[in-house]
Amino acid sequence: MEKKKESKLIFSGVQPTGNLHLGNYLGAIKNWVKYQEDSNCIFCIVDLHAITVSENREKILDNTREVAAAYIASGIDPNKNTIFVQSNVTGHSELSWILSCHTPIGWLNRMTQFKDKAGKNKEKAPLGLYSYPVLMAADILLYKSTHVPVGEDQKQHLELSRDVAQAFNRYYNQEFFPIPEPIITGTATRVMSLKNGLNKMSKSDPSDQSRINLMDDSISIIKKIQKARTDSEPFPKSLEEMDNRPEINNLINIFSALSEDLPQNVVAQYVGKDFKFFKEDLSDLVNQKISNISTEMHKLLKDLNYLDLILKKGCQKANEIAEKNVKDLKKIIGFFEA
Ligand code: TYM
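Keep in mind the model is a prediction, meaning the values are calculated, not measured.

### Focus: the site of the ligand
The environment of the ligand is formed by 28 residues, the closest being Gln-15, Tyr-132, Asp-139, Asp-153 and Lys-203. In this structure, an oxygen atom belonging to the ligand sits 2.9 Å away from a main-chain N or O atom of Gly-151. Taking 710 Å² as the accessible area of the ligand by itself, protein coverage stands at 97%. When contributions to the shell around the ligand are tallied by element, the ones reaching two or more residues are β1 (5-14), α1 (22-35) and α7 (127-142).

Here it is as structure tokens:
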């Protein structure tokens, strides 16, 4: 492996829950690609997280391979980075337990994602869904990661990871864990549903029309963008005009992220024109970027031996770091060493 900046360690992950979408790509995976040139990067497929929701359990293996294929198809080089499956490295669960002993329940009670996912049925929600953010802290801290590139919806979980790292360090009076920095950048840190600009684009939205999946074909992409909700007003003249128009705001931000141009330049390009032209160009743009990924994903998913080999190698590399860090950690705690 070529020499990279030793001090920086990037970690991030995606849940294998199926329906990987444009939000996952623009908010997370696309940004990871640029870090691989000058940083050590670990990209995890977080299957232990996925089983916190019963609907995700059935197709866990297929969905795990789908995420691996999406990483590679998006440009993450498996020779330059570590790509692996969370459940293959036991350190995640082990550290999660240790960190849960340093996490006050009050911190978890503030987590909005649990409230959203558990809904009214909090009493019946699984414990794993509640303690999910502690496992996420363990994922990051197990490798002593310094930077975590994610979409905006993960911000609160990352703040908790920082608090837990500090709590552990303080308790044992050591600087064992670096305090991980979230990286939330770009114009598409929160891609919204194509059907309702107030809801996040999500893998679990029952309407497939609400999202562009990374494996959609070009006809579906064109149809979904044509039908994407807008309003009856003309194309905005300025960024300020977009403030109360969430659907327009979302489409312009997607355009901006894909074309790597500023939203104000996108607005300037289409002001005075019919929405139809903007949507046609947006479809072309999405198709250009996504169709390569989609084709490559389909190809990779036909070669499971290749994909599985990458995940096995990744597991070995991740385990090497994890085992050493868990060993050091146990020494700090003072556990008996057999
Ligand atoms: P997950 O699987 O929900 O999403 C994976 C990544 O995609 C981002 N994302 C979005 N970005 C912009 N717009 C959207 N609509 C959108 N939807 C999802 C997410 O922010 C995320 O970066 N808890 C995490 C997985 C995880 C993790 C970790 C991440 C577990 N352990 C450690 C980083 C570090 C999750 O559920 O992501």
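### Observations regarding α7
The end-to-end C-alpha distance of α7, which contains 16 residues, comes to 22 Å, matching closely the 22 Å that a straight helix rising 1.5 Å per residue would cover. At Pro-133, α7 is bent by approximately 45°, the largest bend along its length. For α7, a buried count of 13 out of 16 residues is recorded, marking the element as mostly surrounded by other parts of the structure. One or two residues past the end of α7 sits Lys-144, with phi positive at roughly 55°.

### A short note on empty space enclosed by the protein
One pass over the full model with this rule turns up two cavities of 30 Å³ or more. Taken together, Met-111, Gln-113, Phe-114, Lys-117, Leu-129, Tyr-130, Tyr-132, Pro-133 and His-157 form the lining of the largest cavity. Only α6 (112-118) and α7 provide two or more residues apiece to the lining of the largest cavity. The biggest single contributor to the lining of the largest cavity is α7, with four residues. By residue class, the composition of the lining of the largest cavity is six nonpolar, two polar and one charged. Of the pockets and cavities examined, the second largest cavity occupies roughly 30 Å³. Ser-193, Leu-194, Ala-228, Arg-229, Glu-247, Asn-250 and Leu-251 together form the lining of the second largest cavity. By residue class, the composition of the lining of the second largest cavity is three nonpolar, two polar and two charged.

### A look at the pattern of salt bridges
A side chain with one charge may pair with a side chain of the opposite charge, provided their charged atoms come close. Tallied over the entire structure, the rule returns 13 salt bridges. Taking the shortest distance from any N to any O, the salt bridge between Asp-153 and Lys-200 comes out at 2.9 Å. On the criterion of sequence distance, the pair formed by Asp-153 in the loop between β4 (147-149) and α8 (155-172) and Lys-200 in the loop between β5 (181-183) and α9 (218-227) is long-range, its members being 47 residues apart. With a shortest N-O distance of 3.5 Å, Glu-247 and Arg-229 are connected by a salt bridge. Within this pair, whereas Glu-247 is found in helix α10 (residues 246-259), its partner Arg-229 is found in the loop between α9 and α10, the two being separated by 18 residues in sequence. For Glu-247, a relative accessible area of 10% corresponds to the buried category. Each of Asp-208, Arg-211, Asp-216 and Lys-224 takes part in a single network of salt bridges with overlapping partners.

### Examining the layout of surface pockets
A probe as big as a water molecule, rolled over the atoms, marks out the empty space that is left. Estimated volume of the second largest pocket: approximately 430 Å³. Taken together, 18 residues make up the lining of the second largest pocket; nearest its centre are Ser-96, Ser-100, Leu-127, Gly-128 and Ser-131. The set of elements that each furnish at least two residues to the lining of the second largest pocket consists of α2 (47-50), α4 (91-100), α5 (105-109) and α7. The element best represented in the lining of the second largest pocket is α7, accounting for seven residues. Looking at the lining of the second largest pocket, its residues break down into 10 nonpolar, eight polar and no charged.

Parameters at a glance
Residues numbered from 1 in each chain as written. Predicted model: local features only at pLDDT ≥ 70, side-chain atom pairs only at ≥ 80, totals over all residues. Heavy atoms only, no water. Near = heavy atom within 4 Å. Polar contact = N/O pair within 3.5 Å; in protein donor to acceptor, adjacent residues only side chain to side chain. Areas by Shrake-Rupley, 256 points an atom, 1.4 Å probe, with all protein chains shown as cover. Helix = DSSP H or I, 4+ residues; strand = E, 2+ residues; numbered from the N terminus. Expected span 1.5 Å × (residues − 1). Bend = angle between axes of the 7 residues up to and from the residue. Buried < 20%, exposed > 50% of the residue type's maximum accessible area, 1.4 Å probe, protein only. 1 Å grid on protein atoms, 1.4 Å probe; cavity = no way out; pocket = protein on both sides within 12 Å on 5 of 7 lines; lining within 4 Å. Points joined across faces, edges and corners; volume = space filled by probe spheres on them. Nonpolar A, V, L, I, M, F, W, Y, C, P; charged D, E, K, R; others polar. Salt bridge = Lys/Arg side-chain N within 4 Å of Asp/Glu carboxyl O.

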